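Take a look at the letters that make up each chain.
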Amino acid sequence: MKTTVLNLARVVRSAVKTSFFHHVEPIQQQPEKPTAPSEQTPIPSQLHGEALAVATQLRGKKLHLSDLTKAFASWPTATNKHAHELEALVNSLLERIVTNERKLKALKQADFARLMALWYPDAEWEELKVATAYSVWIFVWDDEIDAGDTDAATNEELAQAYYRQSLAYIHNKLGLGESSHGVEAPHQNMTLFADVGDGLCHTTDMQQRQRFFDELENFMLQVGVEHTYRMAGTIPTTEEYMNIRSGSVGCAPQIAMTDYMLKIRLPETVMEGPAMKALWRETIYICLILNDVYSCQKEILQGSLLNIVPVMFKNMKQEDQKSMDAVSRDLDVALKGTMERFEVAAEELSKIAPEDAQLHGNILSFIKWCRYFTTGVLYWSLESRRYGMAKCINADGTLSIVL
């Protein structure tokens, strides 16, 4: 992004007449009642430097969000017919790779089956099995670094080894290197990726798998960058953060599986064209914002200030103007902007090959899936016990999140 989200917000904020996030008009605002100590999120002991300073400033503040389901009311949502079977599949996959009973319980309660059913409402069972194995794996893999309670999470050298070994195994299992036979998984969670590799190798071509690998490589690279910031106790600028998080949020590899899940193969001229790249970028930005605002409480509790909410708060230029209301307004402008750019990209893509009914239809299916992906993130994030948003929802559908 050539300008930061905050710069964009300052340019266009005066033109914004309605708000997705900020549901309290500034002129009507009353001093907020202090949050009771028992409601405040405790400050993790491992925080230090800028991260500790920002966490201390944020402690007890409330982030007010409006009902975002209204903002996406025109976007499609549906549930896969295999929703019930997905529950059993997810539980069995988790039991294969998670031995810690406390973590296993929490991961089962996250209801990843619901997410898969929302993401892939039209997918068949064989493709669902592969996508579910991949999605369960990436959540567990990422938690090894993000949760802050593993050796790799607290040691830079071990974290780097974790990335390198994982990537080498993925490259092999996707059939991009030498024979994958007899190669052992470097970590317990990586055994699930063998299921992913087997499924993709049977039905996708080398170019598709290389694209998938490239996105996974960038994901792991940016997770590593986030980890370095976390270990140093520093917080990037908003522009730097958006560049990092667009990789570490993990959406791009999921998008790279879309043609496999839809049983289509778009030509490389479409996949590598500017309109498709723009659609990917804006889908990622939208989901990044949604994921960060709903997970900010959880992440701060785990000792991570690498989240758009604290990053925006920290990077506000005027100390006397720092407030959660200002953060909400800036998030509002950022989300509106990326949604508008998504629609522009979708329109450009929909103009391709109108004379070729099959290709044109496949492109429209790809666009529609990006909308399903986004609404899936939205509804699952609100419902899942992973982020605990149920206790933050007000009677009118708005949210008040205590940090």
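Since the structure is predicted, the reported quantities are computational estimates derived from the model, not experimental observations.

Colleague: Mind laying out the packing of aromatic side chains, listing which residues take part and the relevant values?
Modeller: Per the stated rule, a full pass over the model turns up 19 aromatic pairs. Arranged with centres 5.2 Å apart and planes meeting at 70°, the rings of tryptophan 137 and phenylalanine 193 form a pair that is edge-to-face. Placement of the pair is tryptophan 137 in helix α7 (residues 125-146) and phenylalanine 193 in helix α10 (residues 191-203), with a sequence separation of 56 residues. A relative accessible area of 0% means that tryptophan 137 is categorised as buried. Under the relative-accessibility criterion, phenylalanine 193 is labelled buried at 0%. Between the aromatic rings of tryptophan 141 and tyrosine 163, the centroid separation amounts to 6.0 Å while the plane-to-plane angle is 40°, which identifies the pairing as tilted. Taken together, the residues span a long stretch of sequence, with tryptophan 141 in helix α7 and tyrosine 163 in helix α9 (residues 156-173) at a distance of 22 residues. With a relative accessible area of 0%, tryptophan 141 lands in the buried category. Aromatic ring contacts, followed pair by pair, group Tyr134, Trp137, Trp141, Tyr162, Tyr163, Phe193, Phe212 and Phe219 into a single cluster. Here the guanidinium or amino end of lysine 322 rests over the ring plane of phenylalanine 313, the centre of that ring lying 5.4 Å away.

Colleague: Can you break down the packing of helix α4 (residues 83-97) against α7 residue by residue, with the values?
Modeller: Following both chains from N to C, one finds α4 and α7 inclined at 45°, their axes separated by 10 Å at the closest point. One finds that α4 runs oblique with respect to α7. Relative to α7, α4 is oriented so that their crossing is right-handed. Contact residues: α4 offers Glu85, Leu86, Leu89, Val90, Leu93, Leu94 and Ile97, while α7 offers Trp125, Leu128, Lys129, Thr132, Ala133, Val136 and Val140. Partitioned by chemical class, the residues of the contact of α4 with α7 number 11 nonpolar, 1 polar and 2 charged.

Colleague: Residue-level account of the confidence of the model for the protein, with values.
Modeller: The share of residues in the protein with pLDDT of 70 or more is 88%, and the mean pLDDT across the chain is 88. Confidence over residues 1-19 falls short of pLDDT 50; this stretch has 35 contacts with residues more than four positions distant or in other chains.

Colleague: Give a detailed account of the packing of helix α11 (residues 206-232) against helix α12 (residues 238-248), specifying residues and quantitative values.
Modeller: At a minimum axis distance of 7 Å, the contact between α11 and α12 shows a crossing angle of 130°. Looking at the two axes, α11 sits oblique to α12. Note on packing geometry: the crossing formed by α11 with α12 is left-handed. Facing Asn218, Phe219, Gln222, Val223, Val225, Glu226 and Tyr229 of α11, the residues of α12 in contact are Glu240, Tyr241, Ile244, Arg245, Gly247 and Ser248. Residue composition of the contact of α11 with α12, grouped by class: 6 nonpolar, 4 polar and 3 charged.

Colleague: Give me the pattern of salt bridges: which residues, what numbers.
Modeller: This structure, assessed with the given rule, holds 19 salt bridges. With a shortest N-O distance of 3.9 Å, lysine 263 and glutamate 127 are connected by a salt bridge. Linking lysine 263 in the loop between α14 (258-262) and α15 (268-271) with glutamate 127 in helix α7, this pair joins segments that are 136 residues apart in sequence. Across the pair lysine 351 and glutamate 348 runs a salt bridge, and its minimum N-O distance is 3.4 Å. Its relative accessible area of 40% is what places glutamate 348 among the partly exposed residues.

About the criteria used
- By convention here, each chain's residues receive numbers from 1 onward along its written sequence.
- In view of the model being predicted, local features appear only for residues whose pLDDT reaches at least 70, and side-chain atom pairs are presented and counted only at 80 or more, with totals across whole chains, interfaces and linings using the full set of residues.
- The side-chain quantities take in all heavy atoms of the structure and omit both hydrogens and water.
- For Phe, Tyr and Trp, rings pair up if their centres lie within 6.5 Å, where Trp contributes its six-membered ring, and each pair is then called stacked (planes under 30 degrees apart), edge-to-face (over 60) or tilted (otherwise).
- Labels follow the DSSP assignment, with helices taken as runs of H or I lasting at least four residues and strands as runs of E lasting at least two, numbered in each case from the N terminus.
- Here the term buried applies to any residue with accessible area under 20% of the maximum for its type, exposed to any over 50%, and partly exposed to those in between, with areas from a 1.4 Å probe on protein chains only.
- The criterion is that NZ of a Lys, or CZ of an Arg, lies within 6 Å of the ring centre and within 35 degrees of the ring normal, and then a charge sits over that ring.
- For helices, the fitted line uses only the C-alpha atoms of the stretch in contact; every axis is such a line through C-alpha atoms, and the angle between N-to-C directions lies from 0 to 180 degrees.
- The labels follow the angle: roughly parallel below 35 degrees, roughly antiparallel above 145, roughly perpendicular from 65 to 115, and oblique for the rest.
- Left-handed describes a crossing whose near helix is turned anticlockwise from the far helix through less than a right angle; right-handed describes the clockwise counterpart.
- Here, residues are in contact when the closest pair of their heavy atoms is within 4.5 Å.
- Only Asp, Glu, Lys and Arg are considered charged, only Ala, Val, Leu, Ile, Met, Phe, Trp, Tyr, Cys and Pro nonpolar, and every remaining residue, Gly among them, polar.
- On a scale of 0 to 100, pLDDT captures the predictor's confidence in every residue.
- Here, a salt bridge means any Lys or Arg side-chain nitrogen found within 4 Å of an Asp or Glu carboxyl oxygen.

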